[in-house]
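A closer look at the structure
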2 protein chains.
Amino acid sequence: MEVSSRRPAGHASPLPPALADGVFPAGCPSRTVLDHVTSKWGVLLLLALSEGPQRWSELRRRAEGISEKMLAQTLKTLERDGLVRREAQPVIPPRVDYSLTERGYELSALLVPLVAWAFENADDIVKGQP
Amino acid sequence: MEVSSRRPAGHASPLPPALADGVFPAGCPSRTVLDHVTSKWGVLLLLALSEGPQRWSELRRRAEGISEKMLAQTLKTLERDGLVRREAQPVIPPRVDYSLTERGYELSALLVPLVAWAFENADDIVKGQP
DNA sequence: CGGAATCCTATTTGATACTG
DNA sequence: CAGTATCAAATAGGATTCCG
């Protein structure tokens, strides 16, 4: 019996063509991307930035609980991935604005429904757990 | 200047109402849910299961590179979260089927576009990095 | 086959202090 | 303000062995 024939009615399989066999390759670059994007703070920062450009201190306040180290590290990773743009102004005191690139916006648009779902279902899910 | 007025034209802010202030609370249950869902193997297993019920060995093969420990651990977490259903048949040799719950399907439907996007953009993103 | 238990390593994360 | 550096702790992850 094939997997495709065991799929519940009403649930189409929309997996990317690249995974026709249903196997997620170990060395696949998408693994790296997913790891960056779905990192503990990655999602939160991308979501926060989806509201518009923001400064370091603003991001730190929004991603409540993040340390300076992780904020810097995560922002760097997202910047290297071409999802976040960093613009430092040569003023005293320093002012640095972070914003999403076009690609970053594309991604955040997919992340928003996910986070919204997490918010809506969080109580039900966490409840009933020890 | 408010954040909402700094939002680029054409990019609506669709954040959940609960985050009207744009702050992601540290103790929020949704953090836990997001952590489970966006864990290294969580996404992959949920996606694999979105194609229909599958056995332990099949999941292990699909999430290439996963260890038995992490497979067991991740499946348990997802089961406790009410996203995955485990059905063990009392036969020799043992046969255990895993499948998504309704809530799990809801979630996987949101995850699919994300993973598809990661697949499509992975090469561009990983390229240009040291 | 489908795990559970154990041991050990690697990566992540946080707290703290310091700086241009 | 916007970071960097350092160290310690926590957690994730892997390899191996064993079991019903």
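Residues numbered from 1 in each chain as written. Chains lettered and ligands numbered in written order. Predicted model: local features only at pLDDT ≥ 70, side-chain atom pairs only at ≥ 80, totals over all residues. Heavy atoms only, no water.

1. With respect to the interface of chain B and chain A
- Taken together, the 67 residues of chain B in the interface contact 67 residues of chain A.
- When chain B packs against chain A, close to 6500 Å² is buried across both sides, 65% of that on carbon and sulfur atoms.
- The interface formed by chain B and chain A holds two salt bridges in total.
- The closest approach of N and O atoms between R103 of chain B and D124 of chain A, which form a salt bridge, is 3.2 Å.
- Scanning the region where chain B abuts chain A turns up 15 residue pairs in polar contact (both at pLDDT 80 or more).
- Of all the secondary structure elements, the ones that give two or more residues to the side of chain B that touches chain A are α1 (29-37), α2 (42-49), α3 (56-62) and α5 (102-126) of chain B.
- Looking at the side of chain B that touches chain A, the element that brings in the most residues is α5 of chain B, giving 21 residues. (Contact = heavy atoms within 4.5 Å. Buried area = accessible area lost by both parts, 1.4 Å probe. Salt bridge = Lys/Arg side-chain N within 4 Å of Asp/Glu carboxyl O. Polar contact = N/O pair within 3.5 Å; in protein donor to acceptor, adjacent residues only side chain to side chain. Helix = DSSP H or I, 4+ residues; strand = E, 2+ residues; numbered from the N terminus.)

2. Quick look at the packing of α2 of chain B against α5 of chain B
Residue and element names in this part refer to chain B.
- It is at 9 Å that the axes of α2 and α5 come closest, and there the two elements cross at 110°. Compared by their axis directions, α2 and α5 come out roughly perpendicular. Along the contact surface, α2 presents V43, L46, L47 and L49, while α5 presents Y105, L107, S108, L111, V112 and V115.
- Looking at the contact of α2 with α5, its residues break down into nine nonpolar, one polar and no charged. (Axes fitted to C-alpha atoms, helices over the stretch in contact; angles between N-to-C directions. Parallel < 35°, antiparallel > 145°, perpendicular 65-115°, else oblique. Nonpolar A, V, L, I, M, F, W, Y, C, P; charged D, E, K, R; others polar.)

3. With respect to the UniProt feature "domain: HTH hxlR-type" (unreviewed entry) in chain A
- Feature annotation in UniProt assigns "domain: HTH hxlR-type" (unreviewed entry) to the following positions: residues 28-126 of chain A.
- Between the C-alpha atoms that bound residues 28-126 of chain A the distance is 32 Å, and the span itself is 63% helix and 14% strand. (UniProt positions renumbered as here; feature names shortened; annotations may be inferred.)

4. Section: the environment of V43 of chain B
Residue and element names in this part refer to chain B.
- In this fold, V43 is placed in helix α2.
- Along the sequence, V43 and L114 sit 71 residues apart, while their C-alpha atoms lie 9.7 Å from each other.
- When sequence neighbours within four positions are dropped, the list of residues in contact with V43 reads V37, T38, L111 and V115.

5. A look at the protein's contact with DNA strand D
- Inspection of the region around DNA strand D gives 18 residues, with R55, W56, R86 and Y98 of chain A together with K69 of chain B positioned closest.
- Counting only atoms of DNA strand D within 4 Å of the protein, the sugar-phosphate share comes to 57%.
- The contact in question runs from a phosphate oxygen of DNA strand D to an N or O atom on the side chain of S57 of chain A, over 2.9 Å.
- For DNA strand D, a base oxygen lies 3.1 Å from a polar atom in the side chain of E68 of chain A.
- If you list the elements that add at least two residues to the surface near DNA strand D, you get α3 (56-62), α4 (68-80) and β3 (95-100) of chain A together with α4 (68-80) of chain B.
- Looking at the surface near DNA strand D residue by residue, the class counts come to eight nonpolar, two polar and eight charged. (Near = heavy atom within 4 Å.)

6. A word on the relation of the copies chain B and chain A
- Mapping chain B onto chain A calls for a rotation angle of 180° and an axial translation of 0.0 Å; the resulting RMSD is 0.1 Å. Taken together, the rotation angle and the small translation identify this as a two-fold axis. Closest approach to the rotation axis within chain B is made by the C-alpha atom of T38 of chain B, at a distance of 2.6 Å.
- An overlap of 100% is found between the interface residues of chain B and their copies at the interface of chain A, pointing to a shared contact surface. (Least-squares fit on C-alpha atoms with pLDDT ≥ 70 in both.)

7. So, the sheet that holds strand β2 (residues 84-89) of chain B
Residue and element names in this part refer to chain B.
- Taken together, three strands build an open sheet; the order of strands is β1-β3-β2 and the sheet is antiparallel. Pairing within the sheet leaves two strands with one partner each, and these edge strands are β1 (54-55) and β2.
- In the sheet, β2 pairs with strand β3 (residues 95-100) via six bridges, with the strands oriented antiparallel. Residue pairing across strands places R86 opposite Y98, the latter belonging to β3.
- Against the sheet, α2 engages β1, β2 and β3, with an angle of about 95° to β3. (Pairing = 2+ DSSP bridges.)

8. Notes on the pattern of salt bridges
All names here are of chain B.
- The tally for this structure, following the rule as stated, stands at ten salt bridges over all chains.
- Note that D97 is salt-bridged to R95, the shortest N-O span being 3.0 Å.
- With a relative accessible area of 29%, R95 lands in the partly exposed category. (Buried < 20%, exposed > 50% of the residue type's maximum accessible area, 1.4 Å probe, protein only.)

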